[in-house]
Amino acid sequence: MTGLWVRWLMSLAHLPRGGGKRLTIIRHHRIYPDGHRALYHLGVSDSVLDQQLRLLRQLGLAPVSVTDGLARLA
């Protein structure tokens, strides 16, 4: 596990004040094919994105659009 993975995982650990609902936004500037190097580290490879999404599913989190996420918070 790299330092980038550790920082990414730690960003998920933030809990909202008062135990309320939260919307975690995961964004990447670009998704690169495996084997390509990200320009200025502004993206992730296909396999890294797949691993991140798999981990989110294991944590019981599901990707939704921003519109759906905001509606769930309301």
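As a reminder, the structure under discussion sits directly above these lines.
Notes on the structure in this doc start here. As the structure is a computational prediction, the values presented were derived from the model and not from experiment. (Residues numbered from 1 in each chain as written. Predicted model: local features only at pLDDT ≥ 70, side-chain atom pairs only at ≥ 80, totals over all residues. Heavy atoms only, no water.)

Turning our attention to the environment of Arg30. Looking at the secondary structure, you find Arg30 in strand β1 (residues 30–32). Residue Arg30 is classed as partly exposed on the basis of its relative accessible area of 39%. Residues within four places of Arg30 in sequence aside, it is in contact with Leu42, Gly43 and Val44. (Helix = DSSP H or I, 4+ residues; strand = E, 2+ residues; numbered from the N terminus. Buried < 20%, exposed > 50% of the residue type's maximum accessible area, 1.4 Å probe, protein only. Contact = heavy atoms within 4.5 Å.)

A few words now on the packing of helix α1 (residues 3–11) against helix α2 (residues 46–58). Contact geometry for α1 and α2: axes closest at 12 Å, N-to-C directions at 35 degrees. In the packing of α1 onto α2, the handedness of the crossing is right-handed. Across from Trp5, Trp8 and Leu9 in α1, the residues of α2 making contact are Val48, Gln51, Gln52, Leu55 and Leu56. The class makeup of the residues in the contact of α1 with α2 is 6 nonpolar, 2 polar and no charged. (Axes fitted to C-alpha atoms, helices over the stretch in contact; angles between N-to-C directions. Left-handed = near helix turned anticlockwise from the far one by under 90°. Nonpolar A, V, L, I, M, F, W, Y, C, P; charged D, E, K, R; others polar.)

Relative to the elements of secondary structure, Gln52 occurs in helix α2. Discounting residues that sit within four places of it in the chain, Gln52 has contacts with Trp5, Trp8 and His28.

Turning next to a nonpolar patch on the surface. Taken together, the side chains of Leu23, Ile25, Val64, Val66, Leu70 and Leu73 make up a nonpolar region of the molecular surface, amounting to roughly 490 Å² of accessible area. Note on placement: Ile25 falls in the loop between α1 and β1. Ile25 sits in the exposed class, given a relative accessible area of 59%. (Patch = residues over 30% accessible without salt bridge, like charges linked within 9 Å, V, L, I, M, F, W, Y side chains within 5 Å. Areas by Shrake-Rupley, 256 points an atom, 1.4 Å probe, with all protein chains shown as cover. Salt bridge = Lys/Arg side-chain N within 4 Å of Asp/Glu carboxyl O.)

Assignment of secondary structure puts Ser45 in strand β2 (residues 43–45). We classify Ser45 as buried; its relative accessible area is 16%. Excluding residues within four positions of it along the chain, Ser45 makes contact with Ile31, Tyr32 and Asp34.

Before going further, it helps to spend a moment on the environment of Trp8. Position of Trp8 among the secondary structure elements: in helix α1. Of the residues examined, Trp8 reaches a relative accessible area of 11% and is grouped as buried. For the pair Trp8 and Ile26, spaced 18 residues apart in the sequence, the C-alpha separation amounts to 9.3 Å. Every residue in contact with Trp8, bar those within four places of it in the chain, is listed here: Ile26, Gln52, Leu55 and Leu56.

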